Amino acid sequence: MPTWLSRHRRILTGIIITIVSLLGLLALQRLASEVSYRQLRHAFRDIPSDRLGLSMALTAASYFALTWYDHIALQAVGHPLPWRKAALASFTSYTLSHNLGLSLLTGGSARFRIYRSEGVEPGLIGAVIAIASTTFWCGVTVLAGFGLLTSGGDLPLLAGSDELVRPAGALLIVLGLAPMALRLAGVTRLRIGSWQIPAPSLGQWSRLLLTAVADLATASAALFVLVPGLSSSAYPLLFTAYAVAMIIALISHVPGGVGVFEAVMLAALPANRPEVLAALLAYRAIYYLVPLFAAAILLLLHERGALQGKMAGDVAAAGRFGVEALAPLLLGSLTFVGGIMLLLSGATPALRYRAKELAQVVPMPFTEASHIAASLAGTVLLLVAQGLWRRLDGAFVLARALLLAGAVFSILKGLDYEEATVCLVIAGLLQMSRGSFNRRTALTSEPLSPQWTIAAIAAFLGSVAVGLFAYKHVEYSDALWWRFVVIDGAPRFLRATLAGGMLLLGFALLRMFRPARPTVSDAPLDEAVFDRAVAEARHSDAFLALSGDKRFLYAPEGDAFIMYGVRGGTWVALGDPVGHEDRWSALFWRLREHCYAAQAIMLFYQLSERSLPFVIDMGFRVAKYGEEALVPLAGFSLDGKGFKSLRYSVRRAGAEGAEFAMLTRAQTKAAMPELRAVSDEWLNDKQQREKGFSLGRFDPAYIARFPCAVVRREGRIVAFANVLALPNHEELSVDLMRHRSRLPYGTMDLLFVELMRWGSAHGYRGFNLGLTPLAGLPRHRLAPLLGRAGAYLFRRGERFYGFTGLRSYKAKYQPQWRPSYLAAPSEFAMLRSLVSLYGLVSRQKRPKPGRTKEKGRSPAAPPLSGIPQ
């Protein structure tokens, strides 16, 4: 696949599906061009109620049969579950995939969440989905093949192509029976790359095919009984058309096959087209929408513990854990359906007798305004549905209000109590599941004051009332909206009212999608927690918590924390959590939850291998970012051939008068003016400015918290570095390193070597020379694109950053290389987050440092063993 095609595959797929959907709707419109709205309404009304009831019963039988796909597939993969536990997963997954399409994304997610809590491994869940889907479509193709062989020539859609119909039918039968033939040939496992799918036994295949026959027979019969004038002898013909329509709808990838399925059935059946179209619309409601409502109600009743007794016991236990994940998807889908319903209701004429009764009690301007308002509410509901899928609390508030308003407008525009009932039911289901919408938005976290909101609404309604009073003598007509005259102000009043209402609604939409401000972003650095946590730390980067540009999330036990920064829509956590590892998992998940609620992207930066299991459990993508150089200090010396260049540098620096010294914190504070001069000279010479976040900066309050290693020449400081030393002696390192532009050869080597000797003498296990970005990334052609790009930049990007030079400099200390990682929800999110990370490090914006518990006191670094304080 070409690179550009792979990169834009999702966009191209969306475009193709949209085009096919439009073609299907155009074909449906052309086939139904001879059908008038009055004919369709009469045909719909003429469907007998007993036929509707029979269709519903057959639909229930079809969905009952669907549950056995999963039950048998679970047995095939070696993880059988009771039927009642598989029924909820199967039912909800099929209702979602039938209505929304994209079965792996919609129905697959439902199955995954339900089966995962039952202990089914992800690979086995994928195998269950594969077996169930394969069986379903094998049943469709086999039965469609038999239908083409027996009665395919009678279909108007295939008239004149008898020489192709029978071979096509035979081919479909062969394809449908291929999995069973493979099992007969001794194939017990199917391999797709590294993924293996257990093949069901012959007995299981037989039961699965019987399930498919029962499912498809009852599903097609549910449509058959709705089409008047069809004798029982016409059922094979309808079933063949039904199977062909299912296959064509699958190939089109149109969600729910909307338009495509109906167009094929209209073209395939010889019955009266108004009656067929009415039957198809009724079937769409009975077989697709009613089960969707039923699935939503079932899940929500389970969540609230409303189902009691023996029948609900195991299913309720299976449903409670799945409802939180599935409710937003189900209710978002129902809200979308509600929006379409309001739009369709607005596009069709009202019933004459209802309109006459309404006109006696409601003025015509109110009726017309309600008609427009209902259509606007339907349009906005289509947009709000996405917010419900994303669990936005603002979407929940707005959707509930729009559904309630839609119910009122449906009554006022034509006494459409059916639409009003549907809107109220969806609003009630939303209210029952309000806890599932937990991602804060500005609409709820930063609301306007009640007084201001009431005043704004009252002012708007007051202006409408004044306009109605001023123009009560003007008889309403649709032409008023399009009349542009100088004197008559009634048309302007109508247009201004509509524009004002749309502006208020647009303002609410903007606030609905805007993320709320983080609720934990200003947590100050707690000195007591820091002291306890750093005592357990294994990485010297823990001291970066003292730099004043971080935010913190603390473990409830008060002995661990994780530090992070926020820039725009990205949260960047720096390093591993600090403190006891038993607290890490909870800290990772809590930070992820806060980030998720704020609608932000989460990036974990400079993670060690110890953190990888936690981020992998969260489903994050992991990428190697570089390598740290860790010099073992046990018995450290410069003896040996490998340290020849270092010995030369140290001797030469000493010969030129360079002297190493360790300053206590009191001495560091006294030498601060001289250290400032060295730092300013270094910045000017390098044409740099202070950094932040993952890098230290020269802040006297920050530098004074640490001892400093300095190199003097003739009593004057020419280089310095603040020393980071863990109290458990696990690691020694430096943060801020600065030197003058003119200094003896080998000065920095002298500083590092003497500091390592000091660390070795005081029992420190290792000296961390810091991170080398992009070092050690894979160059293999099969490596991930992000890794290969980083490896190329490491080799070729010397003009931008001294990657190879930095690694070569550290390599002469013969360190052990320790990998460092990035983790983000996806590779795209990782790339986006790196831009925000650059902003945090470059300190373009920095939050104000939080105050500690003791006002005016800054947390101090723990004492360094062996150094006078």
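This structure is a prediction, so every number in the text was calculated from the model and none was measured.

> What is the right way to look at the pattern of salt bridges in this model?
It is possible for side chains bearing opposite charge to pair when their charged atoms get close. On inspection of all chains with the given rule, the structure shows 20 salt bridges. Arg676 serves as the salt-bridge partner of Asp680, at 4.0 Å between the closest nitrogen and oxygen. Of this pair, Asp680 and Arg676 both sit in helix α26 (residues 672-686), four residues apart, which is roughly one turn of the helix. One continuous salt-bridge network, built from bridges that share partners, spans Arg538, Asp576, Glu581 and Arg610.

> Help me understand the packing of aromatic side chains in this model?
Each pair of aromatic rings is reported with the distance of its centres and the angle of its planes. With the rule as written, the count across this model stands at 30 aromatic pairs. Centre to centre, the rings of Phe698 and Phe720 are 6.2 Å apart; their planes meet at 80°, and the pair counts as edge-to-face. Taken as a pair, Phe698 in the loop between α26 and α27 (700-703) and Phe720 in strand β11 (residues 716-725) lie far apart in primary sequence, 22 residues in all. Comparing Phe698 with Phe720, the two get one shared label, buried. A centroid spacing of 6.1 Å and a plane angle of 80° characterise the contact between Phe752 and Tyr813, whose relative ring orientation is edge-to-face. Here Phe752 is found in helix α28 (residues 747-761), whereas its partner Tyr813 is found in the loop between α30 (803-811) and β14 (816-824), with 61 residues between them in sequence. Three or more aromatic residues link up through ring pairs in this structure, and these residues are Phe530, Phe543, Phe552, Tyr554, Phe561, Tyr702 and Phe706. If you follow Arg652 out to its NZ or CZ, it ends over the ring of Tyr745, 4.3 Å from the centre.

> Would you mind showing me how to read helix α21 (residues 527-534) here?
Helical geometry note: an α-helix holds 3.6 residues per turn, so side chains three or four residues apart project in the same direction. Along α21, the residues classified as buried are Glu527, Val529, Phe530, Ala533 and Val534. Each buried residue of α21 lies within a common arc of 160° when the element is viewed along its axis, so the set occupies one face. Among the structural elements, β3 (551-554), β4 (560-567) and β6 (578-579) are those in contact with the buried residues of α21.

> Could you clarify how one ought to interpret unusual backbone geometry in this entry?
Excluding glycine, residues mostly have negative phi values, and the peptide bonds linking residues are mostly trans. In this structure, Phe693 takes a positive phi of about 65° despite not being glycine. Within the secondary structure, Phe693 sits in the loop between α26 and α27. Assessed through its relative accessible area of 1%, Phe693 is described here as buried. Notably, Gln814 is not glycine yet its phi reads approximately 50°, a positive angle. Mapped onto the fold, Gln814 is located in the loop between α30 and β14. Overall, the relative accessible area of 42% leaves Gln814 in the partly exposed class.

> Any chance you could explain the pairing of β11 here in plain terms?
Each regular strand displays side chains that alternate between the two surfaces of the sheet. Summarising burial for β11: nine of the 10 residues are buried, a large majority. Where strand β10 (residues 708-713) lies against β11, six bridges are found, and the strand directions are antiparallel. Note on β11: the bridge partner recorded for Cys708 is Asn722. Hairpin connection between β10 and β11: a loop of two residues separates the two successive antiparallel strands, and Glu714 in this loop has a positive phi of roughly 55°.

> Where do I start with the confidence of the model for the protein chain in this structure?
Atom-level detail of predicted coordinates should not be read off regions where pLDDT is low. The predicted model of the protein chain has a mean per-residue pLDDT of 75, with 70% of residues at 70 or higher. Confidence over residues 485-489 falls short of pLDDT 50; this stretch has four contacts with residues more than four positions distant or in other chains.

> In this structure, what is going on with the side chain of Ser820? I would like to understand it.
Considering the arrangement of structural elements, one finds Ser820 in strand β14. Under the relative-accessibility criterion, Ser820 is labelled buried at 3%. Not counting chain neighbours up to four residues away, the residues in contact with Ser820 comprise Gln606, Leu607, Ala623, Lys624, Tyr625, Gly626, Glu627 and Leu771.

> What's the story with the packing of helix α4 (residues 49-76) against helix α9 (residues 202-224) in this structure? I'm lost.
When two helices pack together, their arrangement is given by the angle between their axes and by how far apart the axes lie. As a packed pair, α4 and α9 sit with axes 8 Å apart at the nearest point and diverge in direction by 160°. Relative to α9, the element α4 lies roughly antiparallel. Crossing handedness for the pair α4 and α9: left-handed. Seen from α4, the contacting residues are Ser55, Leu58, Thr59, Ala61, Ser62, Ala65, Leu66, Trp68, Tyr69, Ile72, Gln75 and Ala76; seen from α9, they are Gln204, Arg207, Leu208, Thr211, Ala212, Ala214, Asp215, Thr218, Ala219, Ala221 and Ala222.

> Can you help me understand the nonpolar core in this one?
Nonpolar side chains tend toward joint burial in soluble globular proteins. Counting 98 residues, the largest nonpolar core has Tyr115 and Tyr283 as the members making the most contacts within it. For Tyr283, the contacting residues outside a window of four places in its chain are Ala219, Ala222, Leu223, Leu226, Tyr242, Phe261 and Tyr288. Among the nonpolar cores identified, the runner-up in size contains 46 residues, and Ala671, Phe698, Ile703 and Leu726 belong to it.

> Even after reading the chapter, I still don't get the environment of Arg551, so can you show me in this structure?
For Arg551, the location among the structural elements is in strand β3. For Arg551, a relative accessible area of 12% translates into the label buried. Separated by 12 residues in sequence, Arg551 and Met563 have C-alpha atoms that sit 5.6 Å apart.

> How should I be thinking about the packing of helix α16 (residues 393-414) against helix α17 (residues 417-432) in this particular structure?
Here α16 crosses α17 at 160°, and the two axes come no closer than 8 Å. Between α16 and α17, the crossing angle belongs to the class labelled roughly antiparallel. By crossing handedness, the relation of α16 to α17 is classed as left-handed. Contacts between α16 and α17 involve Phe396, Ala399, Arg400, Leu403, Leu404, Gly406, Ala407, Ser410 and Ile411 on the former and, on the latter, Tyr417, Glu419, Ala420, Cys423, Leu424, Ile426, Ala427, Leu430 and Gln431. Of the residues contributing to the contact of α16 with α17, the split by class is 13 nonpolar, three polar and two charged.

> Would you mind showing me how to read α26 here?
Taking 1.5 Å of rise per residue, 15 residues should cover 21 Å, and α26 covers 21 Å from first to last C-alpha, within 8% of that figure. By the burial criterion, the buried members of α26 are Met672, Leu675, Val678, Ser679, Trp682 and Leu683. All buried residues of α26 lie within an arc of 135° about the axis, which places them on one face of the element. For α26, exposure combined with an orientation more than 90 degrees from the buried face picks out Pro673 and Asn684. In the core, the buried residues of α26 are packed alongside α25 (665-670), α27, β10, β11 and β12 (732-739). Of the residues flanking the end of α26, it is Gln687, one or two places downstream, whose phi is positive at about 55°.

> Would you mind going over the pairing of β12 with me for this structure?
Of all eight residues making up β12, seven are buried, and the element is well covered by its neighbours. Of the strand pairs in this sheet, β11 and β12 are connected by six bridges, and their pairing is antiparallel. If you follow Val723 over to β12, its bridge partner there is Val734. The hairpin turn running from β11 into β12, its antiparallel successor, is six residues long, and His729 in that turn takes a positive phi close to 65°. Judged from the two bridges that link them, β12 and strand β13 (residues 766-773) form a sheet pairing that is parallel. Paired with Ser733 across the strands is Asn768, a residue of β13. Each parallel crossover has a hand, and the one from β12 via α28 to β13 is right-handed.

> How should I be thinking about the environment of His98 in this particular structure?
Mapped onto the fold, His98 is located in helix α5 (residues 83-100). On the basis of relative accessible area, His98 is assigned to the buried category, the value being 15%. Linking His98 and Pro291, residues 193 residues apart in sequence, is a C-alpha distance of 9.8 Å.

> Just to check I follow, could you spell out a nonpolar patch on the surface for this structure?
On the surface, Phe336, Ile340 and Leu344 cluster together into a nonpolar patch covering about 260 Å² of accessible area. As for its position among the elements, Phe336 is in helix α13 (residues 313-347).

Each value, and the rule that gives it
Residues numbered from 1 in each chain as written. Predicted model: local features only at pLDDT ≥ 70, side-chain atom pairs only at ≥ 80, totals over all residues. Heavy atoms only, no water. Salt bridge = Lys/Arg side-chain N within 4 Å of Asp/Glu carboxyl O. Helix = DSSP H or I, 4+ residues; strand = E, 2+ residues; numbered from the N terminus. Phe/Tyr/Trp six-rings, centres within 6.5 Å; stacked < 30°, edge-to-face > 60°. Buried < 20%, exposed > 50% of the residue type's maximum accessible area, 1.4 Å probe, protein only. Lys NZ or Arg CZ within 6 Å of the ring centre and 35° of its normal. Arc of directions from axis to C-beta. Contact = heavy atoms within 4.5 Å. Pairing = 2+ DSSP bridges. pLDDT = per-residue confidence, 0-100. Axes fitted to C-alpha atoms, helices over the stretch in contact; angles between N-to-C directions. Parallel < 35°, antiparallel > 145°, perpendicular 65-115°, else oblique. Left-handed = near helix turned anticlockwise from the far one by under 90°. Core = buried A, V, L, I, M, F, W, Y, C linked by side-chain atoms within 4.5 Å. Nonpolar A, V, L, I, M, F, W, Y, C, P; charged D, E, K, R; others polar. Expected span 1.5 Å × (residues − 1). Right-handed = clockwise from strand over helix to strand, strands pointing away. Patch = residues over 30% accessible without salt bridge, like charges linked within 9 Å, V, L, I, M, F, W, Y side chains within 5 Å. Areas by Shrake-Rupley, 256 points an atom, 1.4 Å probe, with all protein chains shown as cover.

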